[in-house]
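As a plain string of letters, each chain reads:
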Amino acid sequence: LYKGNSMSDIALSYSRLSTFEQCQAKFDYLYVTKNVKDQGNEVSAYGNRVHEVLELYGKNELVGELGIEAKQTLQRWGGLVDKINSRAGDKYYEYQMAINKNREPVDWFSSDAYFRSIADVLIVDGSTAYCLDYKTGKIKDNPTQLQLFAAMVFQHFPEVSTVKTSFIWLMHDKLDNTTYERRHLQSLWNGLQPRLDMVKEVVDLGVFKTKPSGLCPWCPAKEICPDARLRGRR
């Protein structure tokens with residue numbers, strides 16, 4: 001166990017929930033006591049750059065002379081963005097959604113923001129919404145993120161009755177699609193809420209379990225975590 005500082009309220013997101021379930025102590029170091037910052041790595045930095053280029057291209061906001069990497073990004077995936085923009089409906093890029101504990105939409109920076117989510121691309125066409133998420137990494141089965149995307153869209157767009165979610169695996173030219181109906185919204189939250197409640201309970205208690213694993217050498221808190229499993233450490 002690792003004794004951290006208690007914090008009565010903290011806005012969650014899919015990435016924060018994922019971090020918590022990977023290792024509670026890592027969650028504390030990053031988001032509660034904030035003793036460390038996640039500096040990322042070249043892989044994540046590349047993913048961020050690809051996201052930014054595709055976002056600006058989709059919004060027709062690319063200006064100036066493009067670098068080699070940006071040109072390569074557009075050469076490979078610009079056509080995908082063109083296809084997205086050709087669809088009917090209102091288009092939103094990097095669309096920020098936040099809700100409070102009552103699942104009511106609130107401003108992203110609101111003091112009572114309880115959960116936040118960002119859609120890489122959101123298309124709202126009448127009663128149907130399309131929530132698209134670019135992925136530059138390895139293909140993984142990750143239903144939780146898609147469930148949260150759908151739930152957040154339903155909360156923010158009351159006119160939407162169907163949300164079609166997609167992971168777009170850019171490096172593999174592959175899509176994973178899942179469709180959600182508004183009539184299943186309560187069931188979605190029934191499955192997700194206990195996991196969110198667990199984060200709050202642990203944060204309020206202020207005692208975070210360490211979970212040493214093969215991921216420790218890449219953890220930003222590896223140098224201060226007493227239980228980090230590092231190569232060469234006894």
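Engineer: I'm lost on the packing of helix α1 (residues 14–22) against helix α6 (residues 185–205) in this one. Help?
Structural biologist: A pair of packed helices is captured by two measures, namely the crossing angle of their axes and the spacing between those axes. At a minimum axis distance of 11 Å, the contact between α1 and α6 shows a crossing angle of 70°. In terms of orientation, α1 lies roughly perpendicular with respect to α6. As α1 packs across α6, the resulting crossing turns out to be left-handed. When α1 is examined against α6, the residues Leu-17, Phe-20 and Glu-21 are found in contact with a partner set consisting of Arg-195, Leu-196, Met-198, Val-199 and Val-202.

Engineer: Explanation requested: the side chain of Thr-162 in the structure shown.
Structural biologist: The residue Thr-162 is located in strand β6 (residues 162–169) in this model. A distance of 2.8 Å separates the side chain of Thr-162 from the side chain of Glu-181, its partner in a polar contact. With residues up to four places along the chain from it excluded, the contact list for Thr-162 reads Ser-127, Thr-128, Ala-129, Phe-154, Thr-179, Tyr-180 and Glu-181.

Engineer: Before we go on, may I ask you to explain the environment of Leu-215 in this structure?
Structural biologist: Structurally, Leu-215 is set in the segment after β8 (207–208). Of the residues examined, Leu-215 reaches a relative accessible area of 47% and is grouped as partly exposed. Taking the C-alpha atoms as reference points, Leu-215 and Val-202, separated by 13 residues in sequence, lie 22 Å from one another.

Engineer: Any chance you could explain the packing of helix α3 (residues 42–58) against helix α4 (residues 68–85) here in plain terms?
Structural biologist: α4 packs onto α3 with a crossing angle of 50° between their chain directions and a minimal axis gap of 9 Å. It follows from the interaxial angle that α3 and α4 lie oblique. Note on packing geometry: the crossing formed by α3 with α4 is right-handed. The residues of α4 that touch α3, namely those facing Tyr-46, Arg-49, Val-50, Val-53, Leu-54, Tyr-57 and Gly-58, are Glu-69, Ala-70, Thr-73, Leu-74, Trp-77, Gly-78, Val-81, Asp-82 and Asn-85.

Calculation notes
Residues numbered from 1 in each chain as written. Predicted model: local features only at pLDDT ≥ 70, side-chain atom pairs only at ≥ 80, totals over all residues. Heavy atoms only, no water. Axes fitted to C-alpha atoms, helices over the stretch in contact; angles between N-to-C directions. Helix = DSSP H or I, 4+ residues; strand = E, 2+ residues; numbered from the N terminus. Parallel < 35°, antiparallel > 145°, perpendicular 65-115°, else oblique. Left-handed = near helix turned anticlockwise from the far one by under 90°. Contact = heavy atoms within 4.5 Å. Polar contact = N/O pair within 3.5 Å; in protein donor to acceptor, adjacent residues only side chain to side chain. Buried < 20%, exposed > 50% of the residue type's maximum accessible area, 1.4 Å probe, protein only.

Function-wise, these values are silent; they only describe arrangement.
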